[in-house]
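# A look at the structure
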Amino acid sequence: MNTVHKTVLLHEVIDGLAIKEDETVLDATLGGGGHSKAALARLGHTGKLVALDADNAALERAEVTFKEVAKKSSIKIILEKSNFKDLDKVLEKHEIKKVDRIIFDLGLSTDEIESSGRGFSFRRDEPLIMTFSSDPTEEDLTAREIVNSWDQENIETIIKAYGEERYARKIAAGIVRAREIRPIETTFELVEIIKSNTPRAYHFGRIHPATRTFQALRMTVNDEVGVLTVSLEKAFEALSPGGRMAVISFHSIEDRIVKFYFKKLKEAERAILINKKPIIPTDAEVENNPKSRSAKLRIIEKIN
Ligand SMILES: C[S@@+](CC[C@H](N)C(=O)[O-])C[C@H]1O[C@@H](n2cnc3c(N)ncnc32)[C@H](O)[C@@H]1O
């Protein structure tokens, strides 16, 4: 199946990374493969691309799309199903000591929103799973488990902290009341609970009333804050001297983590900031792809 994902800040990432022919590029978030494909176009026959995703669908698509490129050139392409928090293990497995360019394009691809079947979208009636991994194990936390078994206070805390939702208390109370009648199984059931526990005017605002709660559940299920924090450190460790890392974030919590980590590296004189202010999409990009509107790109270079 072809991707429906529109790559965000494509030229800004590729130009900002200044990829050279013989380099090793790590794309930590393959998704629809847009950034990887553009990186491949910059690499020569001695170059190497390592691309990761927790979602098998992304890898299956890339295996088909990149086959031709691999056949024509002798660029080494390694595709791995992995959480990016394990990027060090993937590199070790392939005996790659250092990488020269790293891309993190955080969050979800449009393919996942439209067709993962794991409940990322409040516009589709799907089971409440929300794991980035396409094959979660029994032990993996799911959105269903949170809404049906966490206590009200903890549900409120995550909706407030990760969703920055002003009706967090009302929504958490509504979830707990609803589950006393029967377990909450699907996205549409959750949307109804959110709607019936928030003021009517809120249902006609700029964003859908379930946006913030869904974001909070997804961030919790995937431990996005914890995973991003350790992964940035691992990525910086893996970077060769003079190597560059680009990170696109889509909300303020994520961007804050990236900003402070890069600032810390700069202050320790371990890296320089390629862009002082985050790069954001042009008006034309936002018009063509409204999903890009909250994107922020930060790039650093490791000091020799
Ligand atoms: C925004 S999309 C990337 C789109 C891609 N850059 C493109 O141009 O098509 C983000 C991808 O990262 C994956 N992802 C998110 N968090 C992840 C994690 N912790 N480990 C591995 N993959 C992750 C998602 O499954 C999704 O496919």
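Residues numbered from 1 in each chain as written. Predicted model: local features only at pLDDT ≥ 70, side-chain atom pairs only at ≥ 80, totals over all residues. Heavy atoms only, no water.

Roughly 370 Å³ of volume is contained in the second largest pocket. Taken together, 19 residues form the lining of the second largest pocket, with Asn-83, Lys-85, Ser-133, Asp-140 and Asn-222 sitting closest to its centre. When the residues that make up the lining of the second largest pocket are grouped by side-chain class, the tally is six nonpolar, seven polar and six charged. (1 Å grid on protein atoms, 1.4 Å probe; cavity = no way out; pocket = protein on both sides within 12 Å on 5 of 7 lines; lining within 4 Å. Points joined across faces, edges and corners; volume = space filled by probe spheres on them. Nonpolar A, V, L, I, M, F, W, Y, C, P; charged D, E, K, R; others polar.)

Within the secondary structure, Asp-151 sits in the loop between α6 (143-149) and α7 (152-163). Taking the C-alpha atoms as reference points, Asp-151 and His-11, 140 residues apart in sequence, are found 45 Å from one another. At a separation of 3.0 Å, a polar atom in the side chain of Asp-151 contacts the main-chain amide nitrogen of Asn-154. (Helix = DSSP H or I, 4+ residues; strand = E, 2+ residues; numbered from the N terminus. Polar contact = N/O pair within 3.5 Å; in protein donor to acceptor, adjacent residues only side chain to side chain.)

So, on to the pattern of salt bridges. In this structure the tally under the stated criterion is 20 salt bridges. We note a salt bridge from Asp-55 to Arg-118, for which the minimum N-O separation is 3.2 Å. Taken together, the residues Asp-55 in the loop between β2 (48-53) and α3 (56-72) and Arg-118 in the loop between α5 (110-115) and α6 connect sequence positions 63 residues apart. We note that Asp-55, like Arg-118, is buried. Measuring nitrogen to oxygen at the nearest pair gives 3.0 Å for the salt bridge that ties Glu-114 to Arg-124. Residue Glu-114 is found in helix α5, and its partner Arg-124 is found in the loop between α5 and α6; the two are separated by ten residues along the sequence. Overall, Glu-114 belongs to the partly exposed group, its relative accessible area being 33%. (Salt bridge = Lys/Arg side-chain N within 4 Å of Asp/Glu carboxyl O. Buried < 20%, exposed > 50% of the residue type's maximum accessible area, 1.4 Å probe, protein only.)

It is worth stressing that arrangement in space is one thing and function is another; only the former is reported here.
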